[in-house]
Amino acid sequence: MAKSKNNLQLQPIHPPLNLVVNNKLKLRLDDMKTIDPLTDNQRRVFDAYDNSKIMLLHGVAGTGKTFIALYHALEEVLDKSNPFRQVIIVRSAVPSREIGHLPGDEKEKTEVYTEPYVGICEDLFGRSDAYQRLAEQGAVKFLITSFVRGITLDDSIIVVDECQNMTDMELNSIMTRVGERSKIIFCGDFRQTDLYRKTDMSGLKKFMAIADLMPSFKVFEFGVDDIVRSKLVKEYIIARLDYESRHIVH
């Protein structure tokens, strides 16, 4: 029922209307779907996640690496019994021939890189504005590697996505930003790099060799048997790997 202006003024103890709306729109753990692993390697990640501080989910496209990393990260951040305050998604804004033609300023142009996470959050919460809501309530933050220097990421779960597109210095910058009570998950596949200049060559292989010397570092390798995106993607990846094994000298 609508109230007159005078009636509203006579009831100052009521909370402001915008706060009531924000509370209703705030996403909680109960709003998120429960996801089960679809492959043996996904199961290994699920089993190891709680006791891991640094993980690399590495392997071919379509295996759900980013999906399960973001799922677990959001699950912990939205669980009030955990110390984590936010999920921080980090990507490298790899220059391409197309980005110069995109409308808007630099910030607006880089927003295109958030699209995969918008889709994942929509799947997990069943609503198209889930990513926006999570960002507004401070549960999710997106960073480009250019802006990570000089900051410390405490109380966070850091998801470093498409890490094959990062140089050695970018990966080094991210690793040295990890603060107290945080964990970090890398997702990528060095075969899918978008870096072509020799000076920008992917630092993922070097990073993997260095991280392998860390006792806490855990690597999960995803192969063609883990492809869940579609049968067509699986058929294509198998054909491509076969072609590369016969025609490309590494």
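Keep in mind the model is a prediction, meaning the values are calculated, not measured. (Residues numbered from 1 in each chain as written. Predicted model: local features only at pLDDT ≥ 70, side-chain atom pairs only at ≥ 80, totals over all residues. Heavy atoms only, no water.)

The number of helices and strands found in the protein is 10 helices and six strands. Burial status across the protein gives 41% buried among its 250 residues. Contacts in the protein between residues at least 24 apart in sequence constitute 77% of all its contacts with a sequence separation of at least 6. Total accessible area on the protein is roughly 15,100 Å²; 53% of this is exposed by carbon and sulfur atoms. (Helix = DSSP H or I, 4+ residues; strand = E, 2+ residues; numbered from the N terminus. Buried < 20%, exposed > 50% of the residue type's maximum accessible area, 1.4 Å probe, protein only. Contact = heavy atoms within 4.5 Å. Areas by Shrake-Rupley, 256 points an atom, 1.4 Å probe, with all protein chains shown as cover.)

Another point: the pairing of strand β5 (residues 183-188). For β5, the buried fraction is high: six of the six residues fall into the buried class. Side-chain alternation along β5 places Lys-183, Ile-185 and Cys-187 on one buried face and Ile-184, Phe-186 and Gly-188 on a second face that is also buried. For strand β1 (residues 54-59) and β5, the ladder comprises five bridges, and the chain directions are parallel. Counted as the bridge partner of Leu-57 is Cys-187 from β5. With respect to chirality, the unit in which strand β4 (residues 156-160) leads through helix α8 (residues 168-175) into the neighbouring parallel β5 is right-handed. (Pairing = 2+ DSSP bridges. Right-handed = clockwise from strand over helix to strand, strands pointing away.)

Further remarks concern the nonpolar core. With 38 residues, the main nonpolar core has Leu-57, Leu-74, Val-87, Phe-125 and Leu-134 as its most contacted residues. Looking at this core, the element that brings in the most residues is helix α4 (residues 65-78), giving eight residues. Residues in contact with Leu-134, not counting those within four places in the same chain, are Leu-27, Leu-74, Leu-78, Cys-121, Phe-125, Ala-139 and Val-140. Counting 20 residues, the second-largest nonpolar core is a separate cluster that includes Val-160, Cys-163, Phe-207 and Met-208. (Core = buried A, V, L, I, M, F, W, Y, C linked by side-chain atoms within 4.5 Å.)

Next up on the list: helix α3 (residues 40-49). Inspection of α3 places Asn-41, Gln-42, Val-45, Phe-46, Ala-48 and Tyr-49 among the buried residues, and these make up the whole buried set. Considering only its buried residues, α3 is in contact with β1, α4, β4, β5 and β6 (217-222).

What follows is about the confidence of the model for the protein. Averaged over every residue, the pLDDT of the protein is 85; residues scoring 70 or more account for 78%. Predicted confidence in the protein is weakest over helix α1 (residues 5-9), with a mean pLDDT of 43, and strongest over β4, with 98. (pLDDT = per-residue confidence, 0-100.)

As a further point, take the sheet that holds strand β3 (residues 140-144). Read from one edge to the other, the open sheet built from six strands follows the order β3-β2-β4-β5-β1-β6, with strand pairing classed as parallel. Strands at the two margins of the open sheet, each flanked by one partner only, are β3 and β6. Recorded for the sheet is a direction-independent mean angle of 15° between the axes of neighbouring strands. (Axes fitted to C-alpha atoms, helices over the stretch in contact; angles between N-to-C directions.)

The subject of this paragraph is the packing of α4 against helix α6 (residues 115-125). Relative to each other, α4 and α6 sit at 60°, their axes nearing to 11 Å. By the criterion of interaxial angle, the relationship of α4 to α6 is oblique. When the axes of α4 and α6 are compared, the crossing they make is right-handed. On α6, the residues touching Thr-66, Phe-67, Leu-70, Tyr-71, Leu-74 and Leu-78 of α4 are Tyr-117, Ile-120, Cys-121, Asp-123, Leu-124 and Phe-125. Split by residue class, the contact of α4 with α6 holds 10 nonpolar, one polar and one charged. (Parallel < 35°, antiparallel > 145°, perpendicular 65-115°, else oblique. Left-handed = near helix turned anticlockwise from the far one by under 90°. Nonpolar A, V, L, I, M, F, W, Y, C, P; charged D, E, K, R; others polar.)

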